Each structure stands twice: as C-alpha cells, then as structure tokens.
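Residues per chain, in single letters:
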Amino acid sequence: MPTITDKSDSSRVRPMLGTVVRLSPFLLIALSAGADAETPAGQRYDRFVVAAPALAAATWGSLGTLLIGLLAVAVEVVLALIRDGRVGASAASVIAATVTVSLAASYTSGMRVRRERDLALVRSVARTAQQVVLRPLPDRLNEVGLALYYSAAAEQAQIGGDLYEAVRTPFGVRIILGDVQGKGLPAVEMAAALLGSFREAAYDAKDLPALASRLETGLQRYAERASSPDAAERFATAVLLEIPDERPEAYLLNCGHPPPVLLRADGGVQPVEPELPLPPLNLSALVASDYRARTVPFGPGDRVLLYTDGVSETRDRRGEFYPLAERLAGWTATPDTALLDNLRRDLRRYGGGPADDDVAALLATRLPAPTAAAGPGA
C-alpha cells in the first residue's frame, strides 16, 4: 500500500558529507606537507599530520586507520629529509606522537565498528518486529483504498506505540488505528497484544461493539500474563472502522481516541465525534463501558482519515494545536498518497521540525464499484 515516511533533507546530504569526512585525513596530510614545504625555515606545519589518524578513526576501520597513520609517518620522514637532510629530534617527536595517536585511534575505530555492527543488528530486529507487529497493508481491500503515513518518534526506531491494521471480513473491511500509552518496549508489547486480538476477533465479532469487547478482554488477559508490573494500568486509545461492501455507509466506534475526519466526495470536511464518549481500552475495570458505534453515510469517493495524537497535538511556536480539519479542507481534491505527503510536510513545518511523538495517519477511501462489462447486443 502507499506508505508515507519521514525523509529529511539531511538524508540526501549525508552521503556527500560522509565522503568528505572519509577523505579528510588525506587532505590534512597533503595540506600539511604542502604548507611545510612552501614556507620559510622556522615555520613548521608538519605537526598537523598527527591529527590524520584521529580523523580517520571516525570513518575508517582499525586497519585503515593504522595505514593512514603510517602514511602520516612516511610523509613526516620525507619532509624531514627534504628540510634537514636527516630525521632530527623535532621530526622524531612528531613521528612518536603520530604513532601513539595512530594506535589509540585504531583501537577507538575498532570499538566504533563493533558498536555500528550492534546497532545494525538492532535495526534489523526492529525492521523484523515492524513486519510482524505492523504488517504492510495492501493498496485496497474489496472496494476500499488504503494509504498510510507512519513515523516513530525515536530517530532509529521502526516501530512505536501507534498501531494500525485493516482486514477483509464477512462483514466488510474492518480497520483499527490506535495509540498505546507510554513509549518503548512495554508500549510495543501492548500494541502487539492489541493487534493480535484484533486480527483474531475481527473476522467473527458480529459488530463493532462486540469487537471492542473482545479487544478489552484480550488486553485484560495480556495484563495478567505480562512481565511489566504496570501492564494492568496501561491503556490504549483506538478507533474501529467498519466499511460494509454493499451499503453506502460506515460504522465508527471511538474508544477515547481523537475523532476521525470524513472527507466527502463533494468537498465537505466533517470531524466525527462519538455520540457517547467511551474510555480507552483496558479501563473497563475503572469505567463501565457501553460500546456504541456511530453510523455515517459513506458513498463512492468519500474518505475517512484516522490519526493518532501525534497529528492533533502537534503545536507551533505559540503553543497552538495543529488545525487538522482546516488543512484538510484545502486538500479535498488531492489524491490519497499526495494528501498524506502534504500532511507529513505540513506537520514538520507547523511543529518546526520532526515530531517528538509517534505519528500514524490512515486514509480509507470508498472506491467506485466496478462497472459490469456490456454483453453482446447491449
């Protein structure tokens, strides 16, 4: 399915900057040698070659750092022979310092390489976790088009506390978009439990209230067996959406989540507030929950945007919340993927940079039913 992710402009500059940093030790050696050879006696620039292996440690491995250190030593020897005809005490001190720095830099480089390998392994595990917990969604299910914008708050994270899923069921397409309280591994663990319950119950729960009750039960069972001591106190807000195949309507059930926004085919924009406020999931022990779904007209060309508070709670420099409905009113004629890309870029501009919270926005569109092919003689 079309998925929008955050890609900052710095990601395009980074490879060029990395090349410059990688070549900087050679540039330093060359400049030091050139300056030392061209300046009058008494002015020494050869001492700067000592820094070359230290620079190399930032991008080169242990062996490469050592070889650059040896190159710096060789250049210092050549400069001493050209200048004095021998390797005197002054040059010997530069060589000794260069050898010392090279050995230390080589060790540091080896540690860096090992850390990078560990980080690469962590990223690989994160990507695998994302594929298991947050599976890619198809472009469409039945006559429902799907588009997604997802961004985890942590710079290196692939997954956070926001969750989403869409499945084809005998009742039509059913979708969940939610946000687990908190961050880190406990939030990811609860998100996985909630998604597991949804994927199991969505196929046979008779309606959205029954589905919400099954999710509530699933989270209670998860809290009983979870290793986290605060699992029973952790909750999740969520919106459940059902789009039946043959009826031009949709059903929404909101459990303490920001209200979805309907984008009508005629250009209208309408936030869908719940008829009865409902608490987040996993709080039924504290608040009695009488789950009720809201029915809204949903014909061909209509769209509904589900989103997490990473969208609605983005603030500008004055502390004002992001005006989502106002922005969407200007994008009603924009295709799904382009609309979410507009939202991504506009959130970054409005908030003055990357979001400090997980962000998920899922756009579901009722596609026109396919027209039957005309038969012979039609």
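Preceding this paragraph is the structure being described.
What counts as what
- Residues numbered from 1 in each chain as written.
- Predicted model: local features only at pLDDT ≥ 70, side-chain atom pairs only at ≥ 80, totals over all residues.
- Heavy atoms only, no water.
- Helix = DSSP H or I, 4+ residues; strand = E, 2+ residues; numbered from the N terminus.
- Buried < 20%, exposed > 50% of the residue type's maximum accessible area, 1.4 Å probe, protein only.
- Salt bridge = Lys/Arg side-chain N within 4 Å of Asp/Glu carboxyl O.
- Phe/Tyr/Trp six-rings, centres within 6.5 Å; stacked < 30°, edge-to-face > 60°.
- Lys NZ or Arg CZ within 6 Å of the ring centre and 35° of its normal.
- Pairing = 2+ DSSP bridges.
- 1 Å grid on protein atoms, 1.4 Å probe; cavity = no way out; pocket = protein on both sides within 12 Å on 5 of 7 lines; lining within 4 Å.
- Points joined across faces, edges and corners; volume = space filled by probe spheres on them.
- Nonpolar A, V, L, I, M, F, W, Y, C, P; charged D, E, K, R; others polar.

Chemist: Give me unusual backbone geometry: which residues, what numbers.
Modeler: Most peptide bonds are trans, and most residues other than glycine sit at a negative phi. In this structure, asparagine 142 takes a positive phi of about 55° despite not being glycine. Residue placement: asparagine 142 occurs in the loop between β2 (140–141) and β3 (144–151). Using a relative accessible area of 22% as the deciding quantity, one classes asparagine 142 as partly exposed. Non-glycine residue asparagine 282 carries a positive phi angle of around 80°. Residue asparagine 282 is classed as buried on the basis of its relative accessible area of 8%.

Chemist: Quick rundown of the pattern of salt bridges? Include the residues and the values.
Modeler: Summed over the entire model, instances satisfying the criterion amount to 17 salt bridges. One salt bridge in this structure joins glutamate 165 and arginine 135, with 2.8 Å as the shortest N-O distance. Of this pair, glutamate 165 sits in strand β4 (residues 162–169) while arginine 135 sits in the loop between α4 (89–133) and β2, and the two are 30 residues apart along the sequence. A residue is classified by how much of its surface remains accessible, and glutamate 165, at 2% relative accessible area, is buried. Overall, arginine 135 belongs to the partly exposed group, its relative accessible area being 36%. Between arginine 345 and aspartate 341 there is a salt bridge, and its shortest N-O distance comes to 3.3 Å. Here aspartate 341 and arginine 345 lie together in helix α9 (residues 336–351), a separation of 4 residues that amounts to about one turn.

Chemist: Lay out the packing of aromatic side chains in plain terms, naming residues and giving numbers.
Modeler: Summed over the entire model, instances satisfying the criterion amount to 4 aromatic pairs. Pairing tyrosine 45 with phenylalanine 48 gives two aromatic rings, centres 6.4 Å apart and planes at 20°, and the pair type is stacked. Relative accessible area serves as the criterion here: at 49%, phenylalanine 48 is assigned to the partly exposed category. Here the guanidinium or amino end of arginine 22 rests over the ring plane of tryptophan 60, the centre of that ring lying 3.8 Å away.

Chemist: Summarise the pairing of β4; cite the residues concerned and give the values.
Modeler: Residues in a regular strand project their side chains so that they alternate between the two faces of the sheet. With respect to burial, β4 is a largely interior element, 7 of its 8 residues being buried. In this structure, β4 lies alongside strand β5 (residues 172–180), joined through 8 bridges in antiparallel fashion. Along β5, the bridge assignment pairs tyrosine 164 with leucine 177. Hairpin connection, β4 to β5: the antiparallel pair is bridged by 2 residues.

Chemist: Run through empty space enclosed by the protein, naming residues and quoting values.
Modeler: Per the stated rule, a full pass over the model turns up 1 cavity of 30 Å³ or more. A volume near 90 Å³ is recorded for the largest cavity. Taken together, 13 residues line the largest cavity, and the ones lying closest to its centre are Leu252, Pro274, Glu275, Arg292 and Arg294. Per-element accounting of the lining of the largest cavity gives the leading share, 3 residues, to strand β7 (residues 249–255). Of the residues that constitute the lining of the largest cavity, the class distribution is 8 nonpolar, 1 polar and 4 charged.

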